[in-house]
6 protein chains.
Amino acid sequence: MFTHKKELQFHAKPERPDPVYAKKLQEILGGQFGEISVAMQYLFQGWNTRGNEKYKDLIMDTGAEELGHVEMIATMIARLLDKAPVKDQEEAAKDPVIGAIMGDMNPQHAIVNGLGAAPKDSNGNAWNADYIVSSGNLIADLRANVNAESQGRLQVARLYEMTDDRGVREMLSFLLARDTMHQNQWIAALRELEEKEGVVTPSTVPAEWEATEFSHQLINFSEGEDSAHLDWMGKEAPDGKKFEYASKPAAHAEKPKLDPAPPYMHNTPPFNEK
Amino acid sequence: MFTHKKELQFHAKPERPDPVYAKKLQEILGGQFGEISVAMQYLFQGWNTRGNEKYKDLIMDTGAEELGHVEMIATMIARLLDKAPVKDQEEAAKDPVIGAIMGDMNPQHAIVNGLGAAPKDSNGNAWNADYIVSSGNLIADLRANVNAESQGRLQVARLYEMTDDRGVREMLSFLLARDTMHQNQWIAALRELEEKEGVVTPSTVPAEWEATEFSHQLINFSEGEDSAHLDWMGKEAPDGKKFEYASKPAAHAEKPKLDPAPPYMHNTPPFNEK
Amino acid sequence: MFTHKKELQFHAKPERPDPVYAKKLQEILGGQFGEISVAMQYLFQGWNTRGNEKYKDLIMDTGAEELGHVEMIATMIARLLDKAPVKDQEEAAKDPVIGAIMGDMNPQHAIVNGLGAAPKDSNGNAWNADYIVSSGNLIADLRANVNAESQGRLQVARLYEMTDDRGVREMLSFLLARDTMHQNQWIAALRELEEKEGVVTPSTVPAEWEATEFSHQLINFSEGEDSAHLDWMGKEAPDGKKFEYASKPAAHAEKPKLDPAPPYMHNTPPFNEK
Amino acid sequence: MFTHKKELQFHAKPERPDPVYAKKLQEILGGQFGEISVAMQYLFQGWNTRGNEKYKDLIMDTGAEELGHVEMIATMIARLLDKAPVKDQEEAAKDPVIGAIMGDMNPQHAIVNGLGAAPKDSNGNAWNADYIVSSGNLIADLRANVNAESQGRLQVARLYEMTDDRGVREMLSFLLARDTMHQNQWIAALRELEEKEGVVTPSTVPAEWEATEFSHQLINFSEGEDSAHLDWMGKEAPDGKKFEYASKPAAHAEKPKLDPAPPYMHNTPPFNEK
Amino acid sequence: MFTHKKELQFHAKPERPDPVYAKKLQEILGGQFGEISVAMQYLFQGWNTRGNEKYKDLIMDTGAEELGHVEMIATMIARLLDKAPVKDQEEAAKDPVIGAIMGDMNPQHAIVNGLGAAPKDSNGNAWNADYIVSSGNLIADLRANVNAESQGRLQVARLYEMTDDRGVREMLSFLLARDTMHQNQWIAALRELEEKEGVVTPSTVPAEWEATEFSHQLINFSEGEDSAHLDWMGKEAPDGKKFEYASKPAAHAEKPKLDPAPPYMHNTPPFNEK
Amino acid sequence: MFTHKKELQFHAKPERPDPVYAKKLQEILGGQFGEISVAMQYLFQGWNTRGNEKYKDLIMDTGAEELGHVEMIATMIARLLDKAPVKDQEEAAKDPVIGAIMGDMNPQHAIVNGLGAAPKDSNGNAWNADYIVSSGNLIADLRANVNAESQGRLQVARLYEMTDDRGVREMLSFLLARDTMHQNQWIAALRELEEKEGVVTPSTVPAEWEATEFSHQLINFSEGEDSAHLDWMGKEAPDGKKFEYASKPAAHAEKPKLDPAPPYMHNTPPFNEK
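Residues numbered from 1 in each chain as written. Chains lettered and ligands numbered in written order. Predicted model: local features only at pLDDT ≥ 70, side-chain atom pairs only at ≥ 80, totals over all residues.

- Going by the annotation in an unreviewed UniProt entry, the name recorded for chain A is Manganese catalase family protein, with Virgibacillus sediminis given as the source organism.
- Within the UniProt record for chain A, the comment given under Sequence similarities (unreviewed entry) is "Belongs to the manganese catalase family." (UniProt positions renumbered as here; feature names shortened; annotations may be inferred.)

This is how it looks when you write it as structure tokens:
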């Protein structure tokens, strides 16, 4: 159950409207690694956790926090859109500043959302649940979380470069900090789990299920051997075994030949064969 | 530039057709973490790498290999669909075995694909490029890769449980092994990079951009304090700083109040205010 | 800002697992009118409200509640999936009960989500933000909300018919009640607003913008005149004007003829003309 | 069965080309509430109506009309794109007027559609059938229709503000009028049905299915009590019962605890518990 | 402008309900090559035709007809769903016939659409406008139309195999016939255009734009030379030039090396280089 | 199995960066008819071919080549993005050249991809597998291939018009040539197959399945008779039969009337009938 507190977790007030930047900021609201993604990812992971209550709690804590980040960015975008001009393009183009503002803002911010934020990315693609990961395996999912916070913090840093507005930058400085924390916490949790379970996930696969002769071999599928010279090549792998290097890929099976389709499929009948 | 060798990298021959399992196997072909995803993810990462040629080569090697895995699974699915029955449901239902086979196969395998594989997941959703990650930042992307190989190997293990067919299991044993290798290699590469760059990505964000007072604080957004008792809480974080714990979330900003929309937006005029 | 309370708003415990029903129940979790849709719709409407604070508060209250409904249904689905069998289809088919259970469950519940809920609908389509409405106009948005709660309650009623599990039905009885409340509240709010603004939205369009001769005319585009006999036809329309009936559609403009494309478009050059 | 008349229902001729406005106008052609959406929504509702022939006829009439609106807007867009310049950006940018025109037009209008309209919205997202509603319940569906015509008319009004072209405005004046009519007709139909069925849909849910103690309660999930002061709070609800107010949300169930996953799921084994 | 005639173009009455077949039949209603696709494809091609009025008329004729096919199939699906059982799965499974019917029907047919058709395919994916083609070039588009009618007729033939219901087969016999006609007409039109324009589209590309040394060369990118033995290899190509065969692919450019990213991108700094 | 050669098949080096053109070029990388589409389409067709080994080999050859075209265009885009400016919009707008460059580039090229290519189209829509065709019927699929190469070459020609960069044009001249070859080869293959099988696909449909009285009739669904005057109307159709013309569409079935829904569907009960 969730309750809402009207105060924002952190400031979300730009110095001045900037509808073009509002469009860009949508990326960290409704993009692949935006705040909706992490909120939904953590909540679904939490709800699906079976046992491991401390981790479930940590995941739910973070999920609830991210909902508040969605709110901050949505508020910031609404303010960046304050009184955004919508008049026709040709006239505006005579004044390059106005023209650029109008032409490059997301047209749906005006036509569809009435100067409000939308759950979409910086190109106007609607957020969708294919962005998130909830597998039921904690190590796998913590790796998804480390990834999400890494991509997310990278995007925030790039957006920081794209504005001089001190209000926007203040909010981004907070998001940078929280992404630092979240990278740290997921890595810490992961180290704890990997120590118990091993680094290769899932750890519960019996050895006899695996064609282990291929489990540590780097196969060189490109011409040239650059990858053979990686510092760790030929040394101990993270799981304690040793990396091998195969300079040519081998084909372990024949060329496949499929049986003809049954007539009721109405595929083209075979012909032209020798 | 890519060239094709007709022999398969590994065996892809089931003992007998099984159109229902063919539907399930689509998950690791065209699902979020299927072979199309890793192939495309690695290739785009490779093409976008600027410098770091050894890593670029490693990434391209692996991408080219994954294309061959797509081929193996597509071949396996076509064979699992060999002569799949398509006759009407009601009659088939009288024989529970046949009925179950027909009712539960993916109807598009017959109607659309003529008993062939499709670039879709186990629910028939088309593969889409939102599944992949290519950010230009190597640490961030290697984390995406560790995640992809973890989710992928987990799904292969689950699919292994769902069949007794020795031919299918043989192919899966190879995929388990390659996912072991790929987890190992991305983790090894990541450790090397993190040692130079630090664990928090991107490492190039100036300290003064970040509201560092929030960079190591676990904020408890749930009632109850389970997460406070994690073993690593209060200790050194992966980036060398110390984790802190805040048992109550603080609101650092006011309740937001947006300016009214301009009349040309045709939003509802404000009313009902005190 | 949101905080999480670990107790559920209402019971979400089935009498026994039922993985096939779990698949169906996904519709009201992640479908077009599922709980994710209403949660996100209300939250975005709230964040984008400019003025009208009482309504903003009502909308945010309801949005926060719906997050808790997502949680309840996700929990119910996880329990319906408890120990769901995953073994191979052909063998299971020999026991029709088991066969039907296995064949008809959502394969991703096992392969992808480890017996957990997913933000998807009953056919496995990922939730996407195109399901929601947030226009900045309060009357328009309240109508979207009345629609969402009507479709939602209808789906809950149909799902109620599809199970005899008392635990599931108990949860659905709560959702039916809350949808009753939410239909009532949005209708009450709408009546208040329509009284001030009029029923045609947006009310701020100047009369001279509108080709008012077409504003109250039912045009009969089908052969036959059934629709002419509707009880309210020819009487006062909701906006106080009078409905008219045109038994034949008129074409008020000529057949359009487009200019040829410029050569740099490489369209097919016109030919074959008289 | 449908037949086509070559004359347009109404004028669709701009004073002059404007490829940037053509991009914006796509919203009411192929966006969430564009003409394709209402055409397809009404046609599917009509085809799925079981009984209630007068309403079926009204719905089909309106669906057929909307197909003609798609045609008008597609024609208008093709004309707004007449001879749209496509030359390279940098040179054009030297003339700000031309530069703005070229830079901001939808690139697919030239590259993909040869200066023609596309079934996409103003951000280039393809129309999809998730935009429409056809539930088989007439009250629910009429509410969807009132919503669609409200969102649609709002978007037309905003697009009217964004141009000074008299030809474009003339077409929009017709669309404003038809949306006025369609709002009126769906509201009239809805009032007739609600009078017979009651306002809460579906009306056929037996009282004993519903946890009626929650059917009229506004639960305050936000801090602060603004929503308690709504004029209609505590008074008669639209369904004739009385609204209640609960200033604190209650949790009616325990904290959920899921059973561990079976080993064949390969979830992370529980650990780290007290 | 379109008008609707209530009578169907052809019979759409099954002998008896069959909700499982209803699910499969959705493929030719709302799938990639279903009737919605051809209707929308032809209408958009017609609206975007600039000149060539006879072809425009032919295209619009066919588009209008396809709208009537959507109607026929939607009606058939509604009837196949008549009184479809929805009760719970486990009990039904005891009667294999009923169990198979219930388990395999599309759950949204009951939960979402109230036993009506939906604009979706046989796996429940919503129709989307990415399925259609409207390029402004008539030869290119007629080829898209030949393709669509070929895929469509193939799917109808497969669906014919999947049922014994005489009513369903009667409707499919009509669709087979119309697809025969439409294949014939688009091929006839194409031959007429190719005779004037040549077979390579667009015909308006100046020779000097093209690296003609590569315009007729089959490059063998696979090991083995099967494709060299095609009957037409080495002979005259359709455009009158001669096919050549290159048994090894040549690389005409160097290995690409990208410049490092600028620091403001926060990509990983290059390292690990020799 | 695929191997990678580091040299590019052809040059992919622009004279100078042009981030706006990079956005447009995405269309032929990740759009509906971009290189990812043809690569994936040909590979899946090849993997699903049952018999007809020479054609399978031809299809696989071409598929492997197209992977190399994806690589060339991805490389070109990365170079067009070299050092793309990202600073804030308002300041840049003062210099119209810079302003136009920044405003019109794809924001995700900077924020998400770190100045790299993405598997998306020119409007930023992610590539998805609904773009491809693999039916198991060779004639049907070769028609899909002719269509894809026709649309693709048309788009390349249009993009050629949109730039003066000699490096970009050089790469496009190669793609024009390869699309010429691929149109030629698929047409040649198609002619060979059609000669054996006939032009109407699938050729295996028994005559008695088809309502042949409708197999050659052009039905005039529009007012006016332009299409009657097509040169080939009334003459021999491609399949050897004769085209007929019906100047009015006939309705061969009655107005459909659906049975009422069962009560457990909770549709609106019928009312308002005479």
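1. Describing helix 9 (residues 166-197) of chain B
Then, in step 1: Between its terminal C-alpha atoms helix 9 of chain B stretches 46 Å, which fits the 46 Å expected from 32 residues at 1.5 Å a residue.
Then, in step 2: Positive backbone phi, approximately 90°, marks G198 of chain B, located one or two places after helix 9 of chain B. (Helix = DSSP H or I, 4+ residues; strand = E, 2+ residues; numbered from the N terminus. Expected span 1.5 Å × (residues − 1).)

2. Description of the relation of the copies chain D and chain C
Then, in step 1: It takes a turn of 180° to lay chain D on chain C, together with a shift of 0.0 Å along the axis; the resulting RMSD is 0.0 Å. Such values leave the two copies arranged in the relation of a two-fold axis.
Then, in step 2: Mapped onto chain C, 99% of the interface residues of chain D are again interface residues, and the two copies thus contact each other with one and the same surface. (Least-squares fit on C-alpha atoms with pLDDT ≥ 70 in both. Contact = placed C-beta atoms within 7 Å.)

3. Side note on the interface of chain D and chain C
Then, in step 1: Contacts between chain D and chain C engage 98 residues on the former and 97 residues on the latter.
Then, in step 2: Elements with a minimum of two residues in the side of chain D that touches chain C: helix 4 (53-80), helix 8 (138-161), helix 9 (166-197) and strand 2 (217-219) of chain D.
Then, in step 3: Tallying contributions element by element places helix 9 of chain D first for the side of chain D that touches chain C, with 13 residues.
Then, in step 4: Residues belonging to the side of chain D that touches chain C are distributed by class as follows: 47 nonpolar, 28 polar and 23 charged. (Nonpolar A, V, L, I, M, F, W, Y, C, P; charged D, E, K, R; others polar.)

4. Remarks on the packing of helix 3 (residues 35-48) of chain E against helix 8 (residues 138-161) of chain E
Residues and elements named next belong to chain E.
Then, in step 1: Here helix 3 crosses helix 8 at 165°, and the two axes come no closer than 11 Å. The orientation of helix 3 with respect to helix 8, classified from their angle, is roughly antiparallel. At the point where helix 3 passes helix 8, the crossing takes the left-handed sense. In this structure, helix 3 uses S37, V38, Q41 and Q45 to contact helix 8, whose residues at the interface are D141, A144, A148 and G152.
Then, in step 2: Tallied by class, the residues present in the contact of helix 3 with helix 8 amount to 3 nonpolar, 4 polar and 1 charged. (Axes fitted to C-alpha atoms, helices over the stretch in contact; angles between N-to-C directions. Parallel < 35°, antiparallel > 145°, perpendicular 65-115°, else oblique. Left-handed = near helix turned anticlockwise from the far one by under 90°.)

5. Structural notes on the nonpolar core
Then, in step 1: With 528 residues, the main nonpolar core has I77 of chain A, I77 of chain B, I77 of chain C, I77 of chain D, I77 of chain E together with I77 of chain F as its most contacted residues.
Then, in step 2: Setting aside residues no more than four positions away along its own chain, I77 of chain F makes contact with A22, L25, Q26, L29 and A117 of chain F. (Core = buried A, V, L, I, M, F, W, Y, C linked by C-beta atoms within 7 Å. Buried ≥ 20, exposed ≤ 12 C-beta atoms within 10 Å, placed from the backbone.)

6. Points about the interface of chain E and chain D
When the parts of a complex come together, some accessible area is lost, and that lost area is often used as the size of the interface.
Then, in step 1: In this assembly, 40 residues from chain E lie in contact with 40 residues from chain D.
Then, in step 2: Mapped by element, the contributors of at least two residues to the side of chain E that touches chain D are strand 1 (2-4), helix 3 and helix 4 (53-80) of chain E.
Then, in step 3: For the side of chain E that touches chain D, the class distribution of residues is 20 nonpolar, 15 polar and 5 charged.
Then, in step 4: Where strand 1 (residues 2-4) of chain D lies against strand 1 of chain E, 3 bridges are found, and the strand directions are antiparallel. Counterpart to H4 of chain D in the pairing with strand 1 of chain E is F2 of chain E. (Pairing = 2+ DSSP bridges.)

7. As for unusual backbone geometry
Then, in step 1: Between T201 of chain A and P202 of chain A the backbone carries a cis peptide bond, its omega angle lying at -10°.
Then, in step 2: Within the secondary structure layout, P202 of chain A lies in the loop between helix 9 (166-197) and strand 2 (217-219).
Then, in step 3: Non-glycine residue K83 of chain E carries a positive phi angle of around 55°.
Then, in step 4: The residue K83 of chain E is located in the loop between helix 4 and helix 5 (89-93) in this model.
Then, in step 5: Residue class for K83 of chain E comes out partly exposed when judged on the 14 C-beta atoms lying within 10 Å of it.

8. Thoughts on the confidence of the model for chain A
Then, in step 1: Taken residue by residue, chain A gives an average pLDDT of 93. The fraction at 70 or more is 93%.
Then, in step 2: Scored as a complex, the prediction yields pTM 0.96 and ipTM 0.95. (pLDDT = per-residue confidence, 0-100.)

9. A short note on the packing of helix 3 (residues 35-48) of chain A against helix 4 (residues 53-80) of chain C
Then, in step 1: Between helix 3 of chain A and helix 4 of chain C, the shortest axis-to-axis distance is 9 Å and the interhelical angle comes to 45°. The pairing of helix 3 of chain A with helix 4 of chain C is recorded here as oblique in orientation. Crossing hand, helix 3 of chain A versus helix 4 of chain C: right-handed. Between helix 3 of chain A and helix 4 of chain C, the contacting residues are F44, W47 and N48 of chain A on the first element and E71, A74, T75 and A78 of chain C on the second.
Then, in step 2: Split by residue class, the contact of helix 3 of chain A with helix 4 of chain C holds 4 nonpolar, 2 polar and 1 charged.

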